[in-house]
Amino acid sequence: MFSYYLDLARRSFRRNVALTALMIVAIAFGVGASMTTFTVLHVLSADPIPGKSHQLYIVQLDPERMIGLVPGGEPPDQLTWLDAQALMREGHADHQVMMTGGHAAVEPQREGLEPFFVDGRWTTSEFFDMFRVPFVAGSGWRAEDDASAARVVVIARSLAERLFGAVDVVGRSLRLEGTELRIIGVTDTWRPSPHFYDLNTDPYAKGEQLFLPFATSRDLKLGHEGGMNCWRESPDPEALGAPCEWIQMWVELDSPARAAAYRDTLTRYSEEQRRTGRFERPSNVRLRDVIEWISYKEVVPSDVRLQTWVALGFLLVCLINTVGLLLTKFLRRSMEIGVRRALGASKRAIFTQLLVEASVIGVAGGVLGLGLAWLGLYAVRQQPTAYAELASLDLPMLGATLVLSIVSSMVAGLLPAWRGCQVTPAIQLKSH
Amino acid sequence: MQFFAILSTLRRHRTAAALIVFEIALSCAIVCNAIFLIGDRLSRMDLPTGVAEPELVRIQLTGIGRKADAAAVTVQDLAALRALPGVKSVVSTNMVPFGGGSWDTTISTLPDDPDPQVRSALYMGGPGMLETLGVHVIAGRGFLPDEYADFHALGTAQAKLPSIILSRALAERLFPGKSALGQAVYVWSKDPQTVVGVVDFLTHPDPIQHGDRAAYSLVLPMNLSYADGGTYLMRVEPERRAEVLAAVDTTLHKVEPSRVIVRRDMFTDMRKDYFKDDRAAYLLGFGVSIVLLIITALGVVGLTSFWVQQRRRQIGIRRALGATRGDILRYFQLENFILVTMGTVIGMALAYAINLWLMQKYHVTRLPAEFLPIGAALLWGLGQIAVLGPAVRASLISPAIATRSV
């Protein structure tokens, strides 16, 4: 029966090529536009560290003074060095890391290569395990290296290739702002999007190329990059004890119970600081996991969300257009339907036949729409924004495109098909 | 007469008529909002800066390691750059409009204000800063040669910053209704700065993110080394900008080679880069609107063709009873006009509803009322163009058809 309906659909299309083409193109445009924006949204709001995003938590405290306190307000996004250091020493979490962004000049020891700046991360030893950084050679440093401010560095594969033309460069040395550092690890290509652990820079930018112990970065006075907020004037904002927030701290907690316990630890710490007079505000701590953090920081650009709505509205217009055209098409065939009904086809059979016809249009529109979405994403990738190069179709989105177009064309076909199968055979046969 | 005839016909084709009205309404609502957003972005791309844009060239550079002689090297750098042909003036500064990143400060009329209310962009630069930027001093004067302080000496006893220049908007905010000239303000320290001049307009480097205070800027007379500010701003004859940019690297490396020139841009390109997201959004909105209107028009063509086909006999009968071709043509044109009018009335209400929702969610401003007639006129025109083909075909139906059975 199904193949017979397909054949009927084919005949019907050939009778009205222009109208059929119009419907297919309309669906294709609607689906193409929607899938382009959905894909961008899907890529940008993806879980940056699947499987672990509910075990990693960012620590927030409110160390500022009473002036400017907004009741019920949020604590600052970052910690002071002093607080981060104290919480790291307490070590109540399963794993913990403190860090800040930075950038530093690399002086290549290779002919014809000028010094250049790279973005780096000054952090502590557990960074690599906590955030599942893949290595091609060597490994990260140990806790002792943090304590002794060891002159060690982990570099990204791209930097190793640029500097040495090779990947396995463990044991060689890297000259950074006049200091020799020993390379102990090379990370494989790693680009969590969004760059959740530090959202002070473009959240979809390429990751860092250089990792070294936080203590080492302080010894070498390496530059700091990212947000810095001081609530009082400070001659040296990067000094220990300065009234400035510029450190991110993440903890790994394996169960909700551990998270609740850690939250209590933070409150207790905050209360202690209040008692000594260092904190002035009432305790205001937060412990957000990766997903909560990304949504709190509203990482996905609002333009992208707005575009998704525009595309959905566009799809809706295309669908209404298709409903109108299908209605036209089916009612124009009242006589044919009357004959089929008179020859014994049930209403249900007519309904099914017309829906099959609608979904064939949907499939055709979907395939064309896929092409348009591919073109649309190509256009997005040509844009100069940082997230642009992430925008490409993956398998789930490919399937979703086809499903969207078939479902939407069938929804569009429901009303016309229902109206079509209401045709009374007697009237149609009599009048002609 | 025809009007009521059309209404009764439409009543008989309620579903199809409702669909086309709804489609037009949605198109109208979306296109109105899209045009509005596009206009919003377009006007944003014209945001003024107050500086001599076509003449400015920016160099961003940084030293490797901590340099003790940065101040001396900067003096040599500036002299070398100034000697390049086509260069009118050069200054070492901390930031430029659209340069990415900004230095901000609080400013108050009280010493040691515990809770200062006004924040401003903080421009610093050596002699020639105002001339290089090309800002216009509208009251008071520029800085005198002995008013410049060294950035590195700040915080020490001998560093005094006696004077300051404000943008007009900031001056009016701090001293509403009176002249700011000669008044004392406090930027960093307990020591006051005297307002010696007011410039007409100088934008915040990142005006989009600081919409509420985009016009609040102040300038401090400060000698910065390249290691402090990292930016050399040059005012150049517009046609020699490319030539000057090409010579920058060798010129600076001749002075002191161990430095990295991070960027060298013309200001006009920085503006383009700053508004790249707006340009993308604008192109997308424009594209969506055009395709949407085309699809709607084609939908009208399709449905009207169907109606013409369906009513061939009636049209034949009307023609046989004396209706002219013009009558038939006008019948379909009027029918389309009625449908589009209904669609746009609903569409305008919908446009407002969508706009209200966008205002809540995406900080969009209110849709000005004049956008609604623009959208309506657009759809009326489009509807009439779309209906013309099928209507002409209808008017060509021969009266003889009334006598034939199909």
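No experiment lies behind these values; they were computed from the predicted model shown.

Looking now at the overall build of chain B. Within chain B, the regular secondary structure consists of eleven helices and twelve strands. Rg of the C-alpha trace for chain B: 33 Å, well past the compact-globule value of 22 Å for 406 residues, more than 25% over. Considering only C-alpha atoms, chain B reaches an extent of 105 × 50 × 35 Å along its principal axes. By sequence separation, contacts in chain B at least 24 residues apart represent 82% of the contacts at least 6 residues apart.

Okay, helix α1 (residues 2–15) of chain A next. Under the 1.5 Å per step criterion, the end-to-end length of α1 of chain A is 20 Å for 14 residues, consistent within 8% with the ideal 20 Å. Counting buried positions over the 14 residues of α1 of chain A gives one, only a small fraction of the element.

It is worth spelling out the interface of chain B and chain A at this point. Across the contact, 37 residues belong to chain B and 39 residues belong to chain A. If you tally residues by element for the side of chain B that touches chain A, the top one is helix α8 (residues 276–310) of chain B, at 16 residues. Looking at the side of chain B that touches chain A residue by residue, the classes come out as 23 nonpolar, nine polar and five charged.

Ranked by size, the top nonpolar core spans 100 residues in total, and within it Phe314 of chain A together with Ile20 and Cys28 of chain B carry the most contacts. Those elements that provide at least two residues to this core are α2 (17–44), α10 (302–332), α12 (347–381) and α13 (395–421) of chain A together with α2 (14–45), α8, α10 (325–362) and α11 (371–395) of chain B. It is α2 of chain B that contributes the most residues to this core, 17 residues altogether. With residues up to four places along the chain from it excluded, the contact list for Phe314 of chain A reads Gly30 and Ala33 of chain A together with Ile30, Val288 and Leu292 of chain B. Within the second largest apolar cluster, 60 residues are counted, among which are Leu56, Leu79, Trp122 and Leu253 of chain A.

Bringing the environment of Ala391 of chain A into the picture now. Residue and element names in this part refer to chain A. Along the chain, Ala391 falls in the loop between α12 and α13. Of the residues examined, Ala391 has 23 C-beta atoms within 10 Å and is grouped as buried. Through-space distance from the C-alpha of Ala391 to that of Ala379 is 9.7 Å; in sequence the pair is twelve residues apart. Apart from residues lying up to four places away in sequence, Ala391 is in contact with Thr39, Val40, Val43, Leu377, Val380 and Arg381.

This part covers the confidence of the model for chain B. Looking at chain B as a whole, the pLDDT averages 87, with 97% of positions reaching at least 70. Complex prediction metrics read pTM 0.79 and ipTM 0.76.

All names here are of chain B. Look at α8 against α11: their axes get within 9 Å of each other, and the N-to-C directions meet at 25 degrees. One way to sum up the angle between α8 and α11 is to call them roughly parallel. Between α8 and α11 lies a crossing of right-handed hand. For the pair formed by α8 and α11, the contact residues are Leu293, Ala297, Val300, Val301, Thr304, Ser305 and Val308 on the first element and Leu382, Gly383, Ile385, Ala386, Val387, Gly389, Pro390, Arg393 and Ala394 on the second. Here the residues of the contact of α8 with α11 are counted per class, giving eleven nonpolar, four polar and one charged.

Let's shift gears to the environment of Pro203 of chain A. Residues and elements named next belong to chain A. Looking at where Pro203 falls in the secondary structure, it is placed in the loop between β7 (179–187) and β8 (210–213). Expressed as a C-alpha distance, the spacing of Pro203 and Tyr387, which sit 184 residues apart in the sequence, is 8.3 Å. Excluding anything up to four places from it in sequence, Pro203 contacts Pro194, His195 and Val299.

Conventions used here
- Residues numbered from 1 in each chain as written.
- Chains lettered and ligands numbered in written order.
- Predicted model: local features only at pLDDT ≥ 70, side-chain atom pairs only at ≥ 80, totals over all residues.
- Helix = DSSP H or I, 4+ residues; strand = E, 2+ residues; numbered from the N terminus.
- Rg over C-alpha atoms; globule rule 2.2 N^0.38 Å.
- Contact = placed C-beta atoms within 7 Å.
- Expected span 1.5 Å × (residues − 1).
- Buried ≥ 20, exposed ≤ 12 C-beta atoms within 10 Å, placed from the backbone.
- Nonpolar A, V, L, I, M, F, W, Y, C, P; charged D, E, K, R; others polar.
- Core = buried A, V, L, I, M, F, W, Y, C linked by C-beta atoms within 7 Å.
- pLDDT = per-residue confidence, 0-100.
- Axes fitted to C-alpha atoms, helices over the stretch in contact; angles between N-to-C directions.
- Parallel < 35°, antiparallel > 145°, perpendicular 65-115°, else oblique.
- Left-handed = near helix turned anticlockwise from the far one by under 90°.

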